[in-house]
Amino acid sequence: MIEVLPKEKKQKDEKTLILGQAVVDLLPLVEGESLFETVVPVHPVPGSPLEILQSGAKQCSLEVKVSVAEPLLTAAQILGGNLLKVTLEAAYSVPESFIPVGPMQNYVVGLQVPSGGEKDYPIFFKNGILKLGGEREPIPRPKKWPIANILAPGANNIPDAFIVGGPYEEEEGELNHPEDREFRVQAECLKKRIIWDVESRFYLDPPAVASFQKRVADCRLWPVEITRVPLVTAPKGKAAKFDKMEDESPLSFHGVAYVNMVPLLYPGVKRIRGAFHVYPYLDSTVYEKTKCLLSLFRDIGHNLIQNNKIGGITSPLSKAVISKNLKEDKIQASSIKSQSSDTPLETEPPLNNNPEGQNKLEKMSSQQFVEAGTYIVLEIQLDKALVPKRMPEELARRVKEMIPPRPPLTRRTGGAQKVVSDYHMQIKSISRAILDEYHRMFGKQVAKLRGDIDSETLEDQKCQLNYELNSSGKYFAFKEQLKHAVVKIVREKYLKTTSFESQAELQVFISELYVFLVDQMHVALNQTMPDDVQRAVPTVYTSSEQLRLFAFEAEVNEDFETATVYYEERLVREPQNLEHWLDYGAFCLLTEDNIKAQECFRKALSLNQNHIHSLLLCGILAVLMENYEQAEIFFEDATCLEPTNVVAWTLLGLYYEIQSNDIRMEMAFHEASKQLQARVTKQKSTGAVEYVEGRKVESSLGPLGITSVSSTTAIKVEAPTGSAAPLPTLGEFLEVSTKLQSQSQEPILSVLSQDPPISQKPSNLLVKEIPAKKETSKCQDSLTFLQPTQIHTTIFMETIRFLMKVNAVQYVHRVLAHELLCPQGGPSCEYYLVLAQTHLLKKDFTKAEEYLQQAAQMDYLNPNVWGLKGHLYFLTGNHAEAKACYERTISFVVDASEMHFIFLRLGHIYLEEKEYEKAKKTYLQACKRSPSCFTWLGLGIACYRLEEIMEAEDALSEANALNNFNAEVWAYLALVSLKAGRQLEAEQAYKYTRKLKLKDETLLAEIHMVQEMVGFGNPSF
């Protein structure tokens, strides 16, 4: 904005005064517009009258209208082109020889952008401002225009464009690791830095976009050069000579940063920002890393640094490239830095005739970048992603097309007759509950009077019963139980679904309904016979967790038919529970029935199409069945639905590895590592660690429960038996057994098979999660020795835990190879434990033992190592060594990941060695943790051998209630009945023993011997 002053007398020309400047962004013209209007603020220049006017007043602004005759770009160019924005923020931790006093220096950074033609376009960032340390640069701060002729302060700021920074861990550069944080903080607060904050824009037409994308794919690292050029003051009236002096100014501190551009080829990525180390510019190193032969500053044209006055995008190169053989001769050095001095050595002669000396000193100066740890912060942003990313809506639609959502359950319709029948059932149920309460309160009194109760006593009992029902809340519970049946009668029989028009109509209806309900109550009570009430047999209900445990015990015994029955029973009970489908699918993976496993996983996904584990398992099955297109959709959908899921990103990377797509594999693994690091950082910041009875345990155990525990391993000094506190008696234990089954349970993950205590030989090994009761260890009552072991997890080890949990062993070895090569991974205790487990699954006991020895050497105090060694010796028949390993395992304060089977097998060994007292205590602990048919059976056998017949019968009855198809349970019940002298029970138990085909001939012979001794029990005598 210029003010033209009135012409004075004797004045030839009019005087003008610059009031201010405004900057109009013409970017809308590149975006396809041919006409736009905008209002821009006018920034006063120093000394302008606008400065006085605007103090305390609104800022002056201009309304600008811009139009062109026709659009600058065609529709095809707009659709296929792209806009590149490069923002250079700053260079931090610059060499100490950079001082703000003395000869003025121009700090320049440049890079080349490929175009559609043969030559690249250079982008320069000039006039960096050297600042001393002491405080951090403000955030957010505005970006600046790359224009040199802006005089008004504030006009060089780009509207609505700010440098906002962000967490170091989320950057794409080199200094984004936790160990770099302290150095970054010091460098950006205390050390010297050079500030640019300039954004340069570059339009890429469709050929340039293709060239840009190809260059990134061919050369992952792009060189960004930095140098320092002395500024020489021009003498007055000698501009031509000044230009010549600028051209001859030397290069010093010539460095290069290698920017990894590959993330721009990741799907959906439009921006990368990070910190990049500055290294000395060495031709061989630059060519090796970037395949770039020419230096932007030294070879392509040193005068471009000086002649590019606007500091932004230049036109195509107008002069030929200087020959490589002559490049040293073109370098002039009028002032160099000594290695031991921060000031220029003005008296040293120029090195025009000594190229080798010039190169040596240039390398010496550039080496100071490395010594100081200099790095630049750079942002590269595209308007559109080079590789489009599937939208979450598209992925969800594709998943829905492959696996349609399961329709909701059909409504159960019933007529008037059915609702009345339901009402009768509720009346009968409530009447039985009231009779039970009556017998509890007055049963002994009625028995003494033998039914001869007078009316006064009966009325008194009625009052007490009413009081008890009301005070205990049972009366209101009965009302709630009956409410649903009454509502259905109103809707189905009387067809009343709307509100009544008047209170009188409501009263009439209530009277009619009351009469009907009382009549039907009498009908129901008349149908209820006293015998039905007295002989009601309580049913034993097994929970879903118990069924899962029973199924697992069957599958590890290779009784797959029985395991299938248990899994299918869970599905019949709760067909809408997707966890049941996932468990059944994992079982099918174990039996290598991939088709059925795929069906199970897809049914689970149809129940909830946003369930991450279902998506991942469907993807795994798709890869196993070579349906790679579907697998990519499943994995991508999982990462879209839960971007913080480490396993999802890792599995996506493994898929891309199978497809030989290295760039996307790198992207997925990088994202997984970033999410894992973010989670670890968050846990450290929030202190997500729980303390359990004096020992520190990480709050999130991995699926294997092996090395995901960051804990202090403790060993009890006292022996596992003998001096330990006495366990509760069996009678006391049975009183609370049902309560223990209903309380919360913790996951105990078994690595190996479990076998029947007596008759069946173990032959299978599994990795499975089973429910178990949390047991409180009394580490406070015993002296402990603590050995801290800090464990670091990786993305691959987390994925291995997930794969082992779902029996996807085919994937495990591929992931183990990555874990071995991972910089944060490598051979670890958990690594060798997983290898041992996979070889145990193959029954390769030699290899398994070798890997277990390696695991023991790395973490001798890990209870999982000793537990797994115990399983190995148990399976190979070396029960003496197995016993020693199991006893050592249970002596640790921190439990192993599969204590259920350790107790079972240790108890089995005790029974074999006739240490029945130890066996009893061991099986009691197993029953307390996760009661099953086998735990109660082992306890019953131990009690029977100790001649504790009553306790043995109680334990065997519990085992029989949980599984009445176990022939061994019936055999020992027959022995107990024979010893107790109960002929009928003995014959019935023996009959089921023979019917279920007991395979233990020794036990069968023992039954026959006892039968002959007592003279009954075998009806065939």
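Residues numbered from 1 in each chain as written. Predicted model: local features only at pLDDT ≥ 70, side-chain atom pairs only at ≥ 80, totals over all residues. Heavy atoms only, no water.

### What to know about the overall build of the protein chain
Thought 1: Helix and strand counts for the protein chain come out as 38 helices and 23 strands.
Thought 2: Counting every position in the protein chain, which comprises 1021 residues, the buried fraction comes to 47%.
Thought 3: Counting only carbon and sulfur atoms, one obtains 53% of the accessible surface of the protein chain, whose full area is about 52,000 Å². (Helix = DSSP H or I, 4+ residues; strand = E, 2+ residues; numbered from the N terminus. Buried < 20%, exposed > 50% of the residue type's maximum accessible area, 1.4 Å probe, protein only. Areas by Shrake-Rupley, 256 points an atom, 1.4 Å probe, with all protein chains shown as cover.)

### Description of a negative patch on the surface
Thought 1: A cluster of acidic side chains, namely Asp452, Asp454, Glu456, Glu459 and Asp460, defines a negative patch on the protein surface.
Thought 2: Here Asp452 is to be found in the loop between α11 (416-449) and α12 (455-472). (Patch = residues over 30% accessible without salt bridge, like charges linked within 9 Å, V, L, I, M, F, W, Y side chains within 5 Å. Salt bridge = Lys/Arg side-chain N within 4 Å of Asp/Glu carboxyl O. Lys, Arg positive; Asp, Glu negative; His and termini not counted. Charge placed at Lys NZ, Arg CZ, Asp CG, Glu CD.)

### A word on the pairing of strand β17 (residues 375-382)
Thought 1: Counting buried residues in β17 gives seven out of eight residues, a clear majority hidden from the surface.
Thought 2: Two strands pair when backbone bridges link them, and strand β7 (residues 82-92) and β17 are joined in this way by eight bridges, in the antiparallel orientation. Across the sheet, the residue bridging to Ala90 is Val377, located in β17.
Thought 3: Across seven bridges, the pairing between strand β16 (residues 271-280) and β17 is antiparallel. If you follow Ala275 over to β17, its bridge partner there is Val377. (Pairing = 2+ DSSP bridges.)

### Quick notes on the pattern of salt bridges
Thought 1: All told, the structure shown has 45 salt bridges when counted by the stated rule.
Thought 2: For Arg440, the salt bridge identified is with Glu468, shortest N-O distance 3.7 Å. With Arg440 in helix α11 and Glu468 in helix α12, this pair connects stretches of sequence that are 28 residues apart.
Thought 3: Looking at Arg440, the relative accessible area reads 54%, which means it is exposed.

### A short note on a nonpolar patch on the surface
Thought 1: On the surface, Ile2, Val4, Ile18 and Leu151 cluster together into a nonpolar patch covering about 390 Å² of accessible area.
Thought 2: Within the secondary structure, Ile18 is located in strand β2 (residues 16-18).

### Topic: the packing of helix α36 (residues 967-980) against helix α38 (residues 1001-1014)
Thought 1: Interhelical geometry of α36 versus α38 gives an angle of 20 degrees and a closest axis separation of 10 Å. As the angle between them shows, α36 and α38 are arranged roughly parallel. Considering how the two elements wind past one another, α36 and α38 form a crossing that is left-handed. Across the interface between the two elements, Glu968, Ala971, Tyr972, Leu975, Leu978 and Lys979 of α36 pack against Leu1003, Glu1006, Ile1007, Val1010, Gln1011 and Val1014 of α38. (Axes fitted to C-alpha atoms, helices over the stretch in contact; angles between N-to-C directions. Parallel < 35°, antiparallel > 145°, perpendicular 65-115°, else oblique. Left-handed = near helix turned anticlockwise from the far one by under 90°. Contact = heavy atoms within 4.5 Å.)

### Re the nonpolar core
Thought 1: By size, the foremost hydrophobic cluster in this structure holds 189 residues, and its most contacted members are Trp196, Phe212 and Leu651.
Thought 2: Examining the composition of this core, we find that ten residues originate from one element, α36, more than from any other.
Thought 3: Of all hydrophobic cores here, the second largest spans 21 residues; its members include Ile427, Phe478, Ile489 and Phe516. (Core = buried A, V, L, I, M, F, W, Y, C linked by side-chain atoms within 4.5 Å.)

### Quick look at the confidence of the model for the protein chain
Low-confidence regions, as indicated by low pLDDT, have predicted coordinates that should not be scrutinised in detail.
Thought 1: Confidence in the prediction for the protein chain averages 78 pLDDT; 78% of positions are at 70 or higher.
Thought 2: In this model residues 531-537 is a low-confidence stretch, pLDDT under 50, and it forms four contacts with partners more than four residues away in sequence or in other chains.
Thought 3: Contacts from residues 688-790, a stretch scored under 50 in pLDDT, to residues over four places away or in other chains number 270 contacts. (pLDDT = per-residue confidence, 0-100.)

### Focus: the packing of aromatic side chains
Thought 1: Evaluated as defined, the whole model comprises 29 aromatic pairs.
Thought 2: Considering the side-chain rings of Tyr92 and Tyr375, the 5.6 Å spacing of their centres and the 35 degrees angle between planes classify their relative orientation as tilted. Of this pair, Tyr92 sits in strand β7 while Tyr375 sits in strand β17, and the two are 283 residues apart along the sequence.
Thought 3: For Tyr375, a relative accessible area of 0% puts it in the buried group.
Thought 4: Chaining the aromatic ring pairs together yields one cluster made of Phe98, Tyr107, Phe253 and Phe369.
Thought 5: Against the face of Trp866 rests Arg888, its NZ or CZ located 4.2 Å from the ring centre.
Thought 6: Stacked on the ring of Tyr992, the Lys or Arg Lys991 has its end atom at 5.1 Å from the ring centre. (Phe/Tyr/Trp six-rings, centres within 6.5 Å; stacked < 30°, edge-to-face > 60°. Lys NZ or Arg CZ within 6 Å of the ring centre and 35° of its normal.)

### With respect to helix α5 (residues 206-218)
Thought 1: The end-to-end C-alpha distance of α5, which contains 13 residues, comes to 18 Å, matching closely the 18 Å that a straight helix rising 1.5 Å per residue would cover.
Thought 2: Considered for burial, the residues of α5 that qualify are Ala208, Val209, Phe212 and Val216. Across the axial projection of α5, the buried residues extend over an arc of 105 degrees, all falling on one side.
Thought 3: Its side-chain oxygen placed 2.8 Å from the backbone nitrogen of Ala208, Asp205 serves as the N-cap of α5. (Expected span 1.5 Å × (residues − 1). Arc of directions from axis to C-beta. Polar contact = N/O pair within 3.5 Å; in protein donor to acceptor, adjacent residues only side chain to side chain.)

### Topic: unusual backbone geometry
Glycine aside, a negative phi is what most residues show, and trans is what most peptide bonds show.
Thought 1: Cis rather than trans, the peptide bond between Ile139 and Pro140 has omega equal to -5 degrees.
Thought 2: Topologically, Pro140 is positioned in the loop between β10 (129-131) and β11 (141-144).
Thought 3: We note that Leu495 has phi near 55 degrees; this positive angle belongs to a residue other than glycine.
Thought 4: One non-glycine residue with positive phi stands out, namely Ser660, at about 60 degrees.
Thought 5: Inspection of the secondary structure puts Ser660 in the loop between α22 (646-658) and α23 (662-686).
Thought 6: We classify Ser660 as exposed; its relative accessible area is 60%.

### Observations regarding the environment of Ile434
Thought 1: Assignment of secondary structure puts Ile434 in helix α11.
Thought 2: Each C-alpha atom, one on Ile434 and one on Leu465, is 8.8 Å from the other, the two residues being 31 residues apart in sequence.
Thought 3: When near neighbours in sequence (up to four residues on either side) are disregarded, Ile434 contacts Leu465 and Phe478.

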